[in-house]
Amino acid sequence: MTNTARLCIQDCIEVENPETEKEELTSDLEDAKVAVNLASIAYSELLEELALTDEGVEVLNDVRKLYSPDIDELREALKDIEKASKEDEDE
C-alpha cells in the first residue's frame, strides 16, 4: 500500500505545469489522497490485528518502528502537495 501511495504522490510532483495541467494534477491529487488513506487504514488494521494475540503484541513495537515513519512521511508529502496546489490556485 505504501508503494502505491508513494507512486501517486510522485505523479503529483511530476506534473510539469500545474496551471495548464490542472485536470491531471487534480486527478493525481485525488488518487494520492485515496492511496495515503488506504495505506493508513492498512497500517491501523495491522496494528489492531497484532494486538489481538500474544505473539502479535511481541512484534507490535517493531512493526510500529518499521511502518510508522513511512506513513508519517506519506501524510506529510501529501500535505505539502495540497498546500502547494492551493497556493497555485490562489495566484
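Since the structure is predicted, the reported quantities are computational estimates derived from the model, not experimental observations.

Tell me about the overall build of the chain, and please be specific about residues and values.
When its secondary structure is counted, the chain shows three helices and zero strands. Secondary structure of the chain in N-to-C order comes out as α-α-α. The C-alpha atoms of the chain give 16 Å as radius of gyration, which overshoots the globular expectation for 91 residues (12 Å, by more than 25%). With the C-alpha coordinates of the chain rotated into their principal frame, the extents come out at 55 × 15 × 15 Å. Counting all 91 residues of the chain, 27% fall into the buried class. Summarising the internal contacts of the chain: among those between residues at least 6 apart in sequence, 62% fall at separations of at least 24. Of the roughly 6,500 Å² of accessible surface on the chain, 49% is carried by carbon and sulfur atoms. Counting 9 positive and 28 negative side-chain charges, the chain places the averaged centre of each group 7 Å from the other.

Lay out a negative patch on the surface in plain terms, naming residues and giving numbers.
The grouping of Asp-11, Glu-14, Glu-16, Glu-24 and Asp-31 at the surface amounts to a negative patch. Along the chain, Glu-16 falls in the loop between helix H1 (2-13) and helix H2 (22-50).

Tell me about the pattern of salt bridges, and please be specific about residues and values.
In a structure, side chains of opposite charge can pair up when their charged atoms sit close to one another. Scanning the entire structure with this criterion turns up four salt bridges. When the shortest N-O distance is used, the salt bridge between Arg-6 and Glu-73 registers 3.5 Å. Taken together, the positions of Arg-6 in helix H1 and Glu-73 in helix H3 (residues 54-90) put the pair 67 residues apart, joining distant regions of the chain. Under the relative-accessibility criterion, Arg-6 is labelled partly exposed at 30%. One salt bridge in this structure joins Asp-72 and Arg-75, with 3.8 Å as the shortest N-O distance. With Asp-72 and Arg-75 both in helix H3 and three residues apart, the pair spans about one turn of that helix. In this structure Asp-72 comes out as partly exposed when scored by relative accessible area, which is 41%.

Residue-level account of a nonpolar patch on the surface, with values.
Taken together, the side chains of Met-1, Val-34, Leu-38 and Ile-41 make up a nonpolar region of the molecular surface, amounting to roughly 360 Å² of accessible area. Residue placement: Ile-41 occurs in helix H2. Residue Ile-41 is classed as partly exposed on the basis of its relative accessible area of 36%.

Tell me about H2, and please be specific about residues and values.
For H2, built from 29 residues, the straight-helix expectation of 42 Å at 1.5 Å per residue is met to within 8% by its first-to-last C-alpha distance of 42 Å. By the burial criterion, the buried members of H2 are Leu-25, Asp-28, Leu-29, Ala-32, Ala-35, Val-36, Ala-39, Ser-40, Tyr-43, Leu-47 and Leu-50.

Calculation rules
- Residues numbered from 1 in each chain as written.
- Predicted model: local features only at pLDDT ≥ 70, side-chain atom pairs only at ≥ 80, totals over all residues.
- Heavy atoms only, no water.
- Helix = DSSP H or I, 4+ residues; strand = E, 2+ residues; numbered from the N terminus.
- Rg over C-alpha atoms; globule rule 2.2 N^0.38 Å.
- Buried < 20%, exposed > 50% of the residue type's maximum accessible area, 1.4 Å probe, protein only.
- Contact = heavy atoms within 4.5 Å.
- Areas by Shrake-Rupley, 256 points an atom, 1.4 Å probe, with all protein chains shown as cover.
- Lys, Arg positive; Asp, Glu negative; His and termini not counted.
- Charge placed at Lys NZ, Arg CZ, Asp CG, Glu CD.
- Patch = residues over 30% accessible without salt bridge, like charges linked within 9 Å, V, L, I, M, F, W, Y side chains within 5 Å.
- Salt bridge = Lys/Arg side-chain N within 4 Å of Asp/Glu carboxyl O.
- Expected span 1.5 Å × (residues − 1).

Everything listed here is a matter of geometry and, on its own, says nothing about what the molecule does.
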